[in-house]
Amino acid sequence: MAISSFHPPQRTLMGPGPSDVSARVLAALARPTLGHLDPAFIGMMDELKRLLQYAFQTENAMTFAVSAPGSAGMECCFVNLLEPGDKVIVCQNGVFGGRMKENIERCGGIPVLVEDPWGRAVDPDKVEAAFGANPDAKFLAFVHAETSTGACSDAQTLCAIAKRYGALTIVDAVTSLGGSPLKVDEWGIDAIYSGSQKCLSAPPGLSPVSFSDAAAEVIRQRKTKVQSWFLDLSLVMGYWAGEGKRAYHHTAPVNSLYALHESLVMLQEEGLEASWQRHCDLHQQLKQGLAELGIEFIVPEGDRLPQLNAVTIPAGVDDAAVRAALLADYNLEIGAGLGALAGKVWRIGLMGHAANQRNVDYCVAALREVLSR
Ligand SMILES: *Cc1c(COP(=O)(O)O)cnc(C)c1O
């Protein structure tokens, strides 16, 4: 039997990512592939770095996109910064903080766990207490926007605490970049990673990262080799930073980088602050619509992420059946609960290009109809 071309259905993606990719970004993806050392391609990479510096609000020279998804950006931060025996205060208030802890352990680091309930922000007082008890901690690691619960933590305050104890910060901004206020330099974030497929609305598979001068110095002073060859920044930067004469490290995902570039050009056109505001405004609209259906948020108002709405499933409603009906009858994807919240919540994403008025109205109307069956 001959297999023919794959034509995906046209969905509306309102889950925890990937988010809808605009026609303009998809068109960029379809442009001619260049050699990854072609001067025209290298010019595009330099622009991409500048666009990422804008999105992250940083002057960090070491700002680029890891050629792999957000999870690889996470791993890139930990494997480059940590050496065996390093103590790291790591905050867990959902799934992704747990993955940070796992990374620390695999690097031979010593995690000091600060736990908060799922659906709540990281408590700065607990972090302060953890530093008080562990003044030798070299790093503080936390998730800015916990996609598994919809909670936003106060990155600025957490970074200020770490600075007072002389520790560097490692921040997960996979879901926050482009969707929520985030200021890498002003807040003193030392290592940060994100993903292309959440509020940037580029196809999945790339992880924007940025490292401060202090983080770069820690990497330069390493006594041990980074255990990952692919993610070793001393090698990767020969490709991304080699002024004029770039060395082959791996073949960059050329067309995916065009798409990320285009999505960042769109972010620049809209303006970062305007994008943050749009996510907030649409979140308010969604909140109103869901309230009419008796659906409530699990995160207290002040800690809520606008781009990831974790909400209760009405009593007596079959979680999986509703999501399946939304997909089958409305081509609409919303997210299921993850980890401890599996079966307990829906996660409705309003990320990037998908954060628009039509989607909010469509989602509320579709939920109303499916719930009335
Ligand atoms: C999605 C996500 C990741 C992982 O990104 P992938 O691109 O799926 O590897 C990490 N952290 C957070 C907070 C996320 O939302």
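Residues numbered from 1 in each chain as written. Predicted model: local features only at pLDDT ≥ 70, side-chain atom pairs only at ≥ 80, totals over all residues. Heavy atoms only, no water.

**Some remarks on the domain arrangement of the protein chain**
Reasoning step 1: Annotation of the protein chain at the domain level lists domain 1 (12–17 + 272–372) and domain 2 (23–268).
Reasoning step 2: The centre of domain 1, based on its C-alpha atoms, is set 27 Å off from the matching centre of domain 2.
Reasoning step 3: Each side of the interface is counted separately: domain 1 has 25 residues, and domain 2 has 30 residues.
Reasoning step 4: In total, about 2,100 Å² of surface goes out of reach between domain 1 and domain 2, with carbon and sulfur atoms giving 63% of it.
Reasoning step 5: Contact with domain 2 buries area across many residues of domain 1, yet Leu272, Trp276 and Leu305 alone supply 32% of it, more than any other trio.
Reasoning step 6: Linking domain 1 with domain 2 are one salt bridge, by the criterion used here.
Reasoning step 7: Within the residue set of the side of domain 1 that touches domain 2, elements represented by two or more residues are helix H11 (272–292) and strand S11 (308–312). (Domains from an automatic or database assignment. Contact = heavy atoms within 4.5 Å. Buried area = accessible area lost by both parts, 1.4 Å probe. Salt bridge = Lys/Arg side-chain N within 4 Å of Asp/Glu carboxyl O. Helix = DSSP H or I, 4+ residues; strand = E, 2+ residues; numbered from the N terminus.)

**Here we look at the site of the ligand**
Reasoning step 1: Around the ligand, the neighbouring residues are Pro69, Gly70, Ser71, Phe96, Val143, Ala145, Thr147, Asp172, Val174, Thr175, Gln197 and Lys198.
Reasoning step 2: Take threonine 147: an N or O atom from its side chain is 2.3 Å from an oxygen atom of the ligand.
Reasoning step 3: Within the side chain of lysine 198, one N or O atom sits 2.7 Å away from an oxygen atom of the ligand.
Reasoning step 4: In terms of residue class, the shell around the ligand is made up of five nonpolar, five polar and two charged. (Near = heavy atom within 4 Å. Polar contact = N/O pair within 3.5 Å; in protein donor to acceptor, adjacent residues only side chain to side chain. Nonpolar A, V, L, I, M, F, W, Y, C, P; charged D, E, K, R; others polar.)

**Concerning the sheet that holds strand S2 (residues 62–66)**
Reasoning step 1: An order of S2-S10-S9-S8-S5-S3-S4 is seen for the seven strands of this open sheet, with the pairing classed as mixed. Two strands close off the open sheet at either side, each with one partner strand: S2 and strand S4 (110–115). Sheet twist, expressed as the mean angle between neighbouring strand axes with direction ignored, is 15°.
Reasoning step 2: Bridge count for strand S8 (residues 168–172) against strand S9 (residues 191–193) is three bridges, and the pairing is parallel. (Pairing = 2+ DSSP bridges. Axes fitted to C-alpha atoms, helices over the stretch in contact; angles between N-to-C directions.)

**Some words on a nonpolar patch on the surface**
Reasoning step 1: Taken together, the side chains of Trp229, Phe230 and Leu235 present a nonpolar region at the surface, about 300 Å² in accessible area.
Reasoning step 2: For phenylalanine 230, the location among the structural elements is in the loop between helix H8 (213–220) and helix H9 (233–240).
Reasoning step 3: Overall, phenylalanine 230 belongs to the partly exposed group, its relative accessible area being 32%. (Patch = residues over 30% accessible without salt bridge, like charges linked within 9 Å, V, L, I, M, F, W, Y side chains within 5 Å. Areas by Shrake-Rupley, 256 points an atom, 1.4 Å probe, with all protein chains shown as cover. Buried < 20%, exposed > 50% of the residue type's maximum accessible area, 1.4 Å probe, protein only.)

**Here's the deal with helix H5 (residues 124–133)**
Reasoning step 1: Regarding H5, the residues found buried are Val127, Ala130 and Phe131. On an axial view of H5, the arc spanned by its buried residues comes to 100°, and they lie on one face. For H5, exposure combined with an orientation more than 90 degrees from the buried face picks out Asp125 and Ala133.
Reasoning step 2: Residues of H5 that are buried sit in contact with strand S3 (87–92), S4, strand S5 (139–143) and helix H6 (155–164).
Reasoning step 3: For H5, the capping residue at the N-terminal end is aspartate 123, with a side-chain oxygen 2.9 Å from the backbone nitrogen of aspartate 125. (Arc of directions from axis to C-beta.)

**Points about the pairing of strand S13 (residues 345–349)**
Reasoning step 1: Counting buried positions over the five residues of S13 gives five, a clear majority of the element.
Reasoning step 2: Side chains of S13 alternate between two faces, with Val345, Arg347 and Gly349 and Trp346 and Ile348 buried alike.
Reasoning step 3: Sheet topology places S11 next to S13; five bridges connect them, and they run antiparallel. Bridge pairing in S13 places valine 311 opposite tryptophan 346.
Reasoning step 4: For strand S12 (residues 332–336) and S13, the ladder comprises two bridges, and the chain directions are antiparallel. Paired with alanine 336 across the strands is tryptophan 346, a residue of S13.

**Focus: the sheet that holds strand S1 (residues 12–14)**
Neighbouring strands of a sheet are bound in pairs by backbone hydrogen bonds; such pairs are parallel or else antiparallel.
Reasoning step 1: In spatial order, the strands read S1-S12-S13-S11; together these four strands make up an open sheet with mixed pairing. A strand with exactly one partner marks an edge of an open sheet, and here the two such strands are S1 and S11. When strand polarity is set aside, the average angle formed by the axes of neighbouring strands in this sheet is 30°.
Reasoning step 2: The pairing of S1 with S12 spans three bridges and is parallel. From the neighbouring strand, methionine 14 faces S12, where its bridge partner is isoleucine 334.
Reasoning step 3: Its contacts with the sheet place helix H12 (residues 319–330) against S12 and S13, and it is angled at close to 160° to S12.

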